[in-house]
Amino acid sequence: MRMDQGKALRVNIREIHVENFLGIRYIAINVDRPIVLVGGSNFSGKTSLRHAISAALTGNPVRVALKKQSGMLVHEGAKVARIRLVVDNSTINVTITAEGIQRTEASAPDSAAMRYVIDPQRFAALTPSERRQYLFTLMGLSLTPDFIRERLISRGCDSAKVDEILPVLRAGIEAAAKEASQRVTEARGAWRGVTGENYGEKKAENWQAESGDWKPSNLAAMQEMCVRLEQNERALGESQRKLGVVEHEQKQADERLAKIASLRAKARTHAKLSDAANLAEELLRDAQIMLDKARAHEVPCPSCGTMLLSLPAREAGGPPVLLPGGDEKATPSPTIEGLEADLKLREEKLVATRKDLEEADRAARELHRLEDEKATKTPEALAHEITEIQQRIETLKLSIDKDRRQYTAFRGMLDLFEGANTRTKIAAKHHADVLAWHRIATALGPDDEGIPAEMLRECLDPLNKRLRQSAEDTGWMEVQVTKDMAILANERPYTLLSDSEQWRADAQLAEAIAHLSGDRILILDRFDVLGDAGRSEALGWLDILAREGEIDTAIVLGTLRTISPSLPETIQPVWLVNGEVGRLQERAA
């Protein structure tokens, strides 16, 4: 099975041109073999080359979080970075300016697998849930209602019942499985209601109705139930309405009591505020008298012109003045402005006190009004009435439920009595419903025969089969993805593997994704994490893939001291020096 999203693109790279991108000044590679082995020392531009290819193939920037930061990818001192990839089907051009604007002049390959085959470590970094979702996408599978509907129909499930449960599927396959199981229970209950017997699949297959134990008097009982149900339902509605009214009255009573308490607290301050207002009036009069006396004896200072109180003002009981000669015991005379300011403060104090006194007076009047009013019902009476109504409602509900159940039972007995043939057909229909819903519930369930397990097998079986093949070709550990989405290598968890073992596991996983998706491209960086034997095994594996026509382009990059001159014919060596392509003989320098 191939990935059924987007359009799989065989990325057979023919030319790579990178200019002024990260650590690259200019690199041009004419790719004439399926495998390109890129070597060089540290800081020679290998990782920059990988990121340039990634930016072109995915259309997304690398090493920066936002596209507007792409200008940081331009080589230091340059204004523009350019990337061009020539593939069999098209040419991909990417231009990045120092201002951070990135423009892709041709569409990058539309494949969700691309980022995993050019960055092999990405798959192992996913959470188990993300890994499962990605594999579903890779294999063209999904848990959408329409997709699950197709699977159910293909399993022979009843199309009408599938459509009936389709809205529940939008809440998830587990919710739909639970709903289908509930429908099985309901269908069995319906069969039992018709037959009067406990359901059994073998029994239900050949069940024939009998006349039953219907009595003519049951019809009158059913009619009485109908009348009683109508009366009780009407009474229930009236009781619920009345409950709302009384609860509203209780709320108003509580609010009235709270208001009385608040008014009583404010009214208690009336006497205290009245005394405070009288005192404020007295102090205001004293301040006015003092100001009037001062104004009658104010004279300008001969030195600075400030208005001062004359000596007679002191003798008349006014404030002390500053005598010529600087008498140390004399105190400064207050100015007219100071006395006026004091008078203003006393006026404001009186106004505020009177305002508080008015509020206390209003509170007292409102309190008297409320206390004089007689409450229609006491809080205790209202609470008691609410309890009685609630009990009445509960009694009515129990009675209604009992009559409904009894009526349903009588209706089933009547159906049995009215016609054995009709009852047999009804029972057969319920039995068919049981089987149909059971088929759907089983298909949606978590067991091995269910669709989720089936889809998981469709994801994992081809993936693990390809991983087993890679292990045989390389002689490496066999990598496996379990149904719990754990990654194992020879039964060891991925997190316990060494760096070189993880590299091998990542490479095999990326190749399997490339194979299943049809992208047929692979980029493997950090090749130098392998020892000499591991490198030979890796190149031998890629050589097999290339010769078998199972991969179009594989780019392998690593920090190497040299590149062996005896490479397979499928491998093209490239040596990088200071961000440029160097001659192969430079590799030993």
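For the structure, check the block above.
Bear in mind the structure is a predicted one, so any value in this text is a computation, not a measurement.

## Considerations on the overall build of the protein
Link 1 in the chain: Counting its secondary structure elements, the protein contains 17 helices and 15 strands.
Link 2 in the chain: In the protein, which comprises 589 residues, the proportion classed as buried is 42%.
Link 3 in the chain: Contacts in the protein between residues at least 24 apart in sequence constitute 70% of all its contacts with a sequence separation of at least 6.
Link 4 in the chain: Accessible area for the protein stands at about 32500 Å²; split by element, carbon and sulfur atoms hold 50% of it.

## With respect to the layout of surface pockets
Link 1 in the chain: Here the largest pocket is characterised by a volume of approximately 450 Å³.
Link 2 in the chain: Every residue lining the largest pocket is counted, 21 residues in all, and those nearest its centre are Pro446, Pro452, Ala453, Leu456 and Lys483.
Link 3 in the chain: Of all the secondary structure elements, the ones that give two or more residues to the lining of the largest pocket are helix 4 (128–138), helix 7 (173–195), helix 15 (451–474) and strand 9 (479–481).
Link 4 in the chain: A total of seven residues in the lining of the largest pocket trace back to one element, the largest contributor, which is helix 15.

## Quick word on the side chain of Asn20
Link 1 in the chain: Its location among the elements puts Asn20 in strand 1 (residues 13–21).
Link 2 in the chain: Beyond its immediate stretch of four places on either side in the chain, Asn20 contacts Arg25, Leu73, Val74, His75, Ala78, Val80 and Ala81.

## Observations concerning the packing of helix 5 (residues 145–154) against helix 15
Pairs of packed helices are described in terms of their axes, by the angle between the two and the distance that separates them.
Link 1 in the chain: One way to put it is that helix 5 packs onto helix 15 with a least axis distance of 11 Å and a crossing angle of 100°. It follows that helix 5 is roughly perpendicular to helix 15 by the angle criterion. Here Phe147, Ile148, Arg151 and Leu152 of helix 5 come into contact with helix 15, specifically with Ile451, Glu454, Met455 and Glu458.
Link 2 in the chain: In terms of residue class, the contact of helix 5 with helix 15 is made up of five nonpolar, no polar and three charged.

Parameters at a glance
- Residues numbered from 1 in each chain as written.
- Predicted model: local features only at pLDDT ≥ 70, side-chain atom pairs only at ≥ 80, totals over all residues.
- Heavy atoms only, no water.
- Helix = DSSP H or I, 4+ residues; strand = E, 2+ residues; numbered from the N terminus.
- Buried < 20%, exposed > 50% of the residue type's maximum accessible area, 1.4 Å probe, protein only.
- Contact = heavy atoms within 4.5 Å.
- Areas by Shrake-Rupley, 256 points an atom, 1.4 Å probe, with all protein chains shown as cover.
- 1 Å grid on protein atoms, 1.4 Å probe; cavity = no way out; pocket = protein on both sides within 12 Å on 5 of 7 lines; lining within 4 Å.
- Points joined across faces, edges and corners; volume = space filled by probe spheres on them.
- Axes fitted to C-alpha atoms, helices over the stretch in contact; angles between N-to-C directions.
- Parallel < 35°, antiparallel > 145°, perpendicular 65-115°, else oblique.
- Nonpolar A, V, L, I, M, F, W, Y, C, P; charged D, E, K, R; others polar.

Read these as layout, nothing more, since geometry by itself doesn't imply function.
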